[in-house]
Amino acid sequence: MTGLRHKDAVCQANFSIDVHNVFPDGSNPADVKRFRSAGVKAYDIPLPALFAADVDGLMMAGRCISGDFIAHSSYRVTGNSVPMGEAAGLTSVASLKQGVMPHELSWDTV
């Protein structure tokens, strides 16, 4: 929400919050209204967000990265998923060429 920057940013997300009706009556949690009214500043998605926590060598992009409900409603869109996928692919190739696991790399070495 505040436009967090990260030294290992693979892309900058700038899509607003897109939460569809959560409850059967068509309403949303109070947090959704509060976050929508506050707006979203562009924020970075860092390379470490693409690494699986429990499986060495597994990278994820798009809807699969780790984030809370509100963050997911912003970063899950195609415009963010494509550069995340490209970053995962580039990092995978770099890890193979360098003989290290992907999580051992930083974005500036990829």
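Our structure is the block above this text.
My aim in this report is to walk through the structure given alongside it, one point at a time. (Residues numbered from 1 in each chain as written. Predicted model: local features only at pLDDT ≥ 70, side-chain atom pairs only at ≥ 80, totals over all residues. Heavy atoms only, no water.)

1. Let's talk about the overall build of the protein chain
(1) Moving on: A count of helices and strands for the protein chain gives three helices and two strands.
(2) Moving on: Helices and strands appear in the protein chain in the N-to-C order β-α-β-α-α.
(3) Moving on: Based on the C-alpha atoms only, the size of the protein chain along its principal axes is roughly 50 × 25 × 20 Å.
(4) Moving on: When each of the 110 residues of the protein chain is scored for burial, the buried share is 35%.
(5) Moving on: Considering only intrachain contacts with a sequence separation of at least 6, the fraction spanning at least 24 residues in the protein chain is 63%.
(6) Moving on: Carbon and sulfur atoms form 56% of the exposed surface of the protein chain, whose accessible area is close to 6600 Å². (Helix = DSSP H or I, 4+ residues; strand = E, 2+ residues; numbered from the N terminus. Buried < 20%, exposed > 50% of the residue type's maximum accessible area, 1.4 Å probe, protein only. Contact = heavy atoms within 4.5 Å. Areas by Shrake-Rupley, 256 points an atom, 1.4 Å probe, with all protein chains shown as cover.)

2. A word on the layout of surface pockets
(1) Moving on: Of the volumes computed, that of the largest pocket is approximately 370 Å³.
(2) Moving on: What lines the largest pocket is a set of 22 residues, and nearest its centre among them are Met1, Tyr43, Asp44, Ala71 and Tyr75.
(3) Moving on: For the lining of the largest pocket, the secondary-structure elements that each account for two or more residues are β2 (43–46) and α2 (69–75).
(4) Moving on: When its residues are assigned to classes, the lining of the largest pocket shows 13 nonpolar, six polar and three charged. (1 Å grid on protein atoms, 1.4 Å probe; cavity = no way out; pocket = protein on both sides within 12 Å on 5 of 7 lines; lining within 4 Å. Points joined across faces, edges and corners; volume = space filled by probe spheres on them. Nonpolar A, V, L, I, M, F, W, Y, C, P; charged D, E, K, R; others polar.)

3. Here's the deal with helix α3 (residues 78–98)
(1) Moving on: Its 21 residues give α3 an end-to-end C-alpha distance of 30 Å, which sits within 8% of 30 Å, the value for a rise of 1.5 Å per residue.
(2) Moving on: All of the buried residues in α3 are Asn80, Ser81, Met84, Ala87, Ala88, Thr91, Ala94 and Ser95. Take α3 and look down its axis: the buried residues cluster within an arc of 155°, on one side only. Along α3, exposed side chains directed more than 90 degrees from the buried face belong to Thr78, Gly79, Glu86, Leu90, Leu96 and Lys97.
(3) Moving on: On its buried side, α3 packs onto β1 (9–13), β2 and α2.
(4) Moving on: Backbone geometry just after α3 places Gly99 at a positive phi near 70°. (Expected span 1.5 Å × (residues − 1). Arc of directions from axis to C-beta.)

4. As for the nonpolar core
(1) Moving on: Core analysis: the biggest nonpolar cluster contains 15 residues, and Val10, Ile45, Leu47, Leu50, Met59, Ile65 and Met84 have the highest contact counts within it.
(2) Moving on: Looking at this core, the elements with two or more residues in it are β1, β2 and α3.
(3) Moving on: The residues contacting Met84, other than those within four sequence positions of it, are Cys11, Ile45, Leu50, Ala61, Gly62, Ile65 and Tyr75.
(4) Moving on: With five residues, the next largest nonpolar core counts Ile17, Val32, Phe35 and Ile70 among its residues. (Core = buried A, V, L, I, M, F, W, Y, C linked by side-chain atoms within 4.5 Å.)

5. Here we look at the side chain of Arg76
(1) Moving on: Secondary-structure assignment places Arg76 in the loop between α2 and α3.
(2) Moving on: For Arg76, a relative accessible area of 16% gives the class buried.
(3) Moving on: Among residues more than four places away in sequence, those in contact with Arg76 are Asp18, His20, Arg63 and Ser81.

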